[in-house]
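# Fold and geometry: a report
Listed below are the residues making up each chain.
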Amino acid sequence: MYLEKIQSPADLKKLEIRKLPKVAEEIRRRLIEVISRTGGHLASNLGMVELTLSLHYCLDLPEDKIIWDVGHQCYTHKILTGRNEKFSSLRQYQGLSGFPNPEESIYDVFITGHSGTAISLALGMSLSNPHIRVVAVIGDGTLSNGLCFEGLNNAGQLNPIY
Ligand SMILES: Cc1ncc(C[n+]2csc(CCOP(=O)(O)OP(=O)(O)O)c2C)c(N)n1
């Protein structure tokens, strides 16, 4: 089992890329095992496994930031950032939140739950610190949100990539 050895993104980066499909498989099993008991966003998280693995493999968290837009797609992120063991308490009393929460982990940047704010948020963070990489993760459902278009327009004009 790879998951038992991954307590932080640094542990993930020690693995060769060819091992990542096996990690993805283990994460999917864990998601199904826990969510079938606790409830939660199953499909959104099953769809986010490879993307999250890639982001954690390429970025350097917690210096770099990932902003989860609706927030409910962050379960793989939780599993990879030292919360796998506690993941069985997802959405239970005193357990892990179903959303990102900075009080829960240094790898969570903001509490998100309403959709549409990620792009503007990522843009602001990127402008305030040009030395880090900030990624906004948003779904197709959210992208038609007016706030997203405002964020994209701003990003196009302010051009945060130096
Ligand atoms: C401002 C706002 N409006 C409506 C909702 C209700 N809502 C929760 S999830 C969701 C759809 C999100 O779809 P998508 O961004 O594609 O993410 P997915 O669930 O597919 O991962 C909506 C409309 C919300 N969270 N915030």
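We now turn to the structure provided with this report. (Residues numbered from 1 in each chain as written. Predicted model: local features only at pLDDT ≥ 70, side-chain atom pairs only at ≥ 80, totals over all residues. Heavy atoms only, no water.)

## Points about unusual backbone geometry
Applied cut-off: Starting at the N terminus, helices and strands are each numbered in turn, a helix being any DSSP run of H or I of at least four residues and a strand any DSSP run of E of at least two. Partly exposed describes any residue whose relative accessible area lies between the buried limit of under 20% and the exposed limit of over 50%, with all areas from a 1.4 Å probe on protein chains only and scaled to the type maximum.
The amide bond that connects L61 to the next residue, P62, takes the cis arrangement and shows omega of 10°. Within the secondary structure, P62 is located in the loop between α4 (49–58) and β1 (65–68). The phi dihedral of R91 is positive, around 60°, even though this residue is not glycine. Inspection of the secondary structure puts R91 in the loop between α5 (75–83) and α6 (118–128). What makes R91 partly exposed here is its relative accessible area of 43%. One non-glycine residue, Q94, adopts positive backbone phi at about 65°.

## Side note on the site of the ligand
Let me state the cut-off plainly: Here a residue is near a molecule or strand as soon as one of its heavy atoms is found within 4 Å of it. Any pair of N or O atoms that falls within 3.5 Å is considered a polar contact. Within protein, one atom must be able to donate a hydrogen and the other to accept it, and sequence-neighbouring residues count only if both atoms are side-chain atoms. Note that accessible areas follow from Shrake-Rupley with a 1.4 Å probe, and for residues the cover is restricted to the protein chains shown. Each residue is assigned to one of three groups, with Ala, Val, Leu, Ile, Met, Phe, Trp, Tyr, Cys and Pro labelled nonpolar, Asp, Glu, Lys and Arg labelled charged, and all others, Gly among them, labelled polar.
In the region of the ligand, the neighbouring residues are S44, V70, H72, Q73, G113, H114, S115, G139, D140, G141 and T142. Here a nitrogen atom of the ligand sits 3.0 Å away from a polar atom, N or O, in the main chain of S115. At 2.7 Å, a backbone N or O of G141 approaches an oxygen atom of the ligand. Protein coverage of the free-state accessible area of the ligand, which is 590 Å², stands at 55%. The leading source of residues in the shell around the ligand is helix α7 (residues 140–143), at 3 residues. Looking at the shell around the ligand residue by residue, the classes come out as 1 nonpolar, 9 polar and 1 charged.

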